[in-house]
Amino acid sequence: MAKARTLVVDTNVFRAAGESEAPDSVAARELLEQLRKYRHQIAWCDELDQEFWKHASKFSSTWLKQMVSQRRRVDCTLENPLHLPCQECGFTEDEKREAEKDRFLLDCCRSR
């Protein structure tokens, strides 16, 4: 069996994991189920929590409650946040905004 890891999951996955039979929804639910099945933990921070509850489907909110009850949510403190040098990357203004909006995901990864 593979070694359990601590992973960061983007809120797009949680939103997609709705009740629909669309391929994206099915794949998102399967991913979350596999994370639980193979005993992975999820890294969590305040920023992710805020985004999660804005976009969570019924399935993903139930999934998160189960992960918490199994003590598989690892709370992270975002110290020394990452500063993305977006002006040097050739990003458009929209891409820069998107990168900044999701920077907390990288910070959450770095805190583990």
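Cut-offs applied
Note on numbering: residues in each chain are counted from 1, in written sequence order. For a predicted model such as this one, the threshold for reporting local features is a pLDDT of at least 70, and the threshold for listing and counting side-chain atom pairs is 80 or more; totals across whole chains, interfaces and linings nevertheless cover every residue. Only hydrogens and water are set aside; all other atoms, that is, all heavy atoms of the structure, feed into the side-chain values. When a carboxyl oxygen of Asp or Glu is within 4 Å of a side-chain nitrogen of Lys or Arg, the pair counts as a salt bridge. Note on classification: 1.4 Å probe, protein chains only; a residue is buried when its accessible area is under 20% of the maximum for its type, exposed when over 50%, partly exposed between these limits. Helix and strand assignments come from DSSP, with helices taken as H or I runs of at least 4 residues and strands as E runs of at least 2, each series counted from the N terminus. Contacts are residue-level and defined by heavy atoms, with any inter-residue pair within 4.5 Å sufficient. One requirement defines pairing of two strands: DSSP has to find at least two bridges between them. What counts as a ring pair is set by centres within 6.5 Å for rings of Phe, Tyr and Trp (its six-membered ring), and what kind of pair is set by the plane angle: stacked under 30 degrees, edge-to-face over 60, tilted for all other angles.

Undergrad: Is there a simple way to think about the pattern of salt bridges in this case?
TA: Side chains carrying opposite charge are able to pair once their charged atoms draw close together. Applying the stated rule across the entire model yields 4 salt bridges. The closest approach of N and O atoms between Arg-29 and Glu-21, which form a salt bridge, is 3.5 Å. Exposure remark for Glu-21: the relative accessible area of 64% places this residue in the exposed category. Note that Arg-73 and Asp-75 form a salt bridge whose closest N and O atoms lie 3.1 Å from each other.

Undergrad: Would you mind showing me how to read the environment of Glu-19 here?
TA: Considering the arrangement of structural elements, one finds Glu-19 in the loop between α1 (11–16) and α2 (23–37). Here the alpha-carbon distance between Glu-19 and Ser-57, two residues 38 residues apart in the chain, equals 8.0 Å. Aside from chain neighbours lying at most four places away, what touches Glu-19 is Arg-29, Lys-58 and Phe-59.

Undergrad: Looking at this structure, I do not really get the sheet that holds strand β3 (residues 73–75). What am I missing?
TA: Strand pairing in a sheet takes place through backbone hydrogen bonds and is either antiparallel or parallel in direction. Taken in spatial order, the 3 strands line up as β1-β2-β3 in an open sheet, and their pairing is parallel. In the strand order of this sheet, the two ends are held by β1 (6–7) and β3, each with one partner. Two strands pair when backbone bridges link them, and β1 and strand β2 (residues 41–44) are joined in this way by 2 bridges, in the parallel orientation. By the bridge assignment for β2, Leu-7 is matched with Ile-42.

Undergrad: Would you mind showing me how to read the packing of aromatic side chains here?
TA: The relative placement of two aromatic rings is captured by the distance of their centres and the angle of their planes. By the definition in use, this model includes 5 aromatic pairs. Here the aromatic rings of Phe-14 and Trp-44 are separated by 6.0 Å at their centres, their planes lie at 70°, and the arrangement is edge-to-face. Of this pair, Phe-14 sits in helix α1 while Trp-44 is found in strand β2, placing the two residues 30 residues apart along the sequence. Using a relative accessible area of 2% as the deciding quantity, one classes Trp-44 as buried. Ring centres of Trp-44 and Phe-52 lie 5.4 Å apart, and the angle between their planes is 70°; on these two criteria the pair is classed as edge-to-face. The exposure class of Phe-52 is buried, given its relative accessible area of 0%. Among the aromatic residues, those joined into a cluster by ring pairs are Phe-14, Trp-44, Phe-52, Trp-53 and Trp-63.

Any functional reading would require information that these geometric values do not contain.
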